[in-house]
Amino acid sequence: DLVYAMLNANAALGDTGALFNATAITTAGGHANLGSAVLASAGLKTGIQYMGKQYLLDGKKKIPLNIPPAFLICGQTLGFTARELMQSSMIVITGTTDTVRGSANVLQNACQIVVEERVGATGCVDPSSGTATTGSDTAWYLAAAPNGRTIAVSYRRGTGRSPQLRSFVMDQGQWGIGWDINLDIEAHVQDWRGLVKGNA
């Protein structure tokens, strides 16, 4: 919920730009990682290009990052479309607009599909603030691999990355067993360059 609430909220980062925006990178707060295309072959290819064209600016020198997407994230409504795009082995051409074209699906297995309704219209609640965030049935996201420095999830040292559980027997007129559960976890955006949002 922490991570998906961040995607839904699209809050401003330290550079004053929203996590996802279409402003040029050369402009203050510009991330150029927000598109308007629906989840289809052309839009997905454009999103992959957005991510692949990200760069670091060292003075006036541009350093290409060539970041590949590792995950395609969408809500349940787009789940079957995502699977058709990424898991089909061939392209079916209908109509007469494409006369010469290969039959290979260049998007096949380009990245792992994550169908998660927390980014869909159902949304989720940010556990740190209690604020409800609403996603979209038409929005989709591309995310780089975890080592691509996108959104980091951190755990308190010594917890083994799992909840600490303590059980007890109720007394003083109460019957039953209870549990105390403690999970120390935090999430934050490390870098926007490994994230793309489509159909904003």
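Located above this text is the structure these notes cover.
A brief report on the enclosed structure follows. (Residues numbered from 1 in each chain as written. Predicted model: local features only at pLDDT ≥ 70, side-chain atom pairs only at ≥ 80, totals over all residues. Heavy atoms only, no water.)

### Points about the overall build of the chain
Thinking step 1. Assigned secondary structure in the chain consists of three helices and twelve strands.
Thinking step 2. Taking 200 residues into account, the globule formula puts the C-alpha radius of gyration at 16 Å, and the chain, at 21 Å, lies well above it.
Thinking step 3. Seen through its C-alpha atoms, the chain measures out along the principal axes to roughly 80 × 45 × 25 Å.
Thinking step 4. Residue burial in the chain is summarised as follows: out of 200 residues, 33% are buried.
Thinking step 5. For the chain, restricting intrachain contacts to residue pairs at least 6 apart in sequence, the fraction spanning at least 24 positions comes to 62%. (Helix = DSSP H or I, 4+ residues; strand = E, 2+ residues; numbered from the N terminus. Rg over C-alpha atoms; globule rule 2.2 N^0.38 Å. Buried < 20%, exposed > 50% of the residue type's maximum accessible area, 1.4 Å probe, protein only. Contact = heavy atoms within 4.5 Å.)

### Here we look at unusual backbone geometry
Both trends apply: most residues other than glycine have a negative phi, and most peptide bonds are in trans.
Thinking step 1. For Thr16, which is not a glycine, the phi torsion comes out positive at approximately 80°.
Thinking step 2. Summarising the element assignment, Thr16 is placed in the loop between helix H1 (2-9) and helix H2 (41-52).
Thinking step 3. The exposure class assigned to Thr16 is exposed, which follows from its relative accessible area of 64%.

### Points about the packing of aromatic side chains
Between two aromatic rings, the relevant description is the distance of the centres plus the angle of the planes.
Thinking step 1. Taken as a whole and assessed by the stated rule, the structure comprises one aromatic pair.
Thinking step 2. Plain terms: the ring middles of Phe20 and Tyr141 are 5.5 Å apart, the flat faces sit at 55° to each other, and that makes the pair tilted. Here Phe20 is found in the loop between H1 and H2, whereas its partner Tyr141 is found in strand E7 (residues 140-143), with 121 residues between them in sequence.
Thinking step 3. Here Phe20 falls in the buried class, since its relative accessible area comes to 2%.
Thinking step 4. Across the ring face of Phe80, the terminal group of Arg83 is positioned such that the distance to the ring centre comes to 5.5 Å. (Phe/Tyr/Trp six-rings, centres within 6.5 Å; stacked < 30°, edge-to-face > 60°. Lys NZ or Arg CZ within 6 Å of the ring centre and 35° of its normal.)

### What about the sheet that holds strand E4 (residues 112-115)?
Thinking step 1. Spatially, E4-E3-E7-E12 is the arrangement adopted by the four strands of the open sheet, whose pairing is mixed. The strands lining the two open edges of the sheet, one partner per strand, are E4 and strand E12 (195-198). Within the sheet, the average angular offset between the axes of one strand and its neighbour, ignoring direction, is 20°.
Thinking step 2. Relative to E4, helix H3 (residues 79-87) is tilted by about 175°, and along the sheet it contacts strand E3 (71-74) and E4. (Pairing = 2+ DSSP bridges. Axes fitted to C-alpha atoms, helices over the stretch in contact; angles between N-to-C directions.)

### Some points on the pairing of strand E1 (residues 55-58)
Thinking step 1. Strand direction decides the pairing type here: E1 and strand E2 (residues 61-64), joined by four bridges, are antiparallel. Of the residues in E2, the one forming a bridge with Leu56 is Ile63.
Thinking step 2. The turn joining E1 and E2, which pair antiparallel and follow one another in sequence, is formed by two residues; a positive phi near 70° is taken by Gly59.

### Comments concerning the side chain of Asn105
Thinking step 1. Assignment of secondary structure puts Asn105 in the loop between H3 and E4.
Thinking step 2. Note on Asn105: relative accessible area 12%, which makes it buried.
Thinking step 3. Ignoring any residue separated from it by four or fewer positions in sequence, one finds Asn105 in contact with Glu84, Leu85, Ser88, Ser89, Met90 and Ile91.

### Quick word on the pairing of E3
Thinking step 1. Of the strand pairs in this sheet, E3 and E4 are connected by four bridges, and their pairing is parallel. Paired with Phe71 across the strands is Gln112, a residue of E4.
Thinking step 2. As defined by bridge partners, E3 adjoins E7 across four bridges and the pair is classed as antiparallel. The partner of Cys74 across the bridge, within E7, is Trp140.

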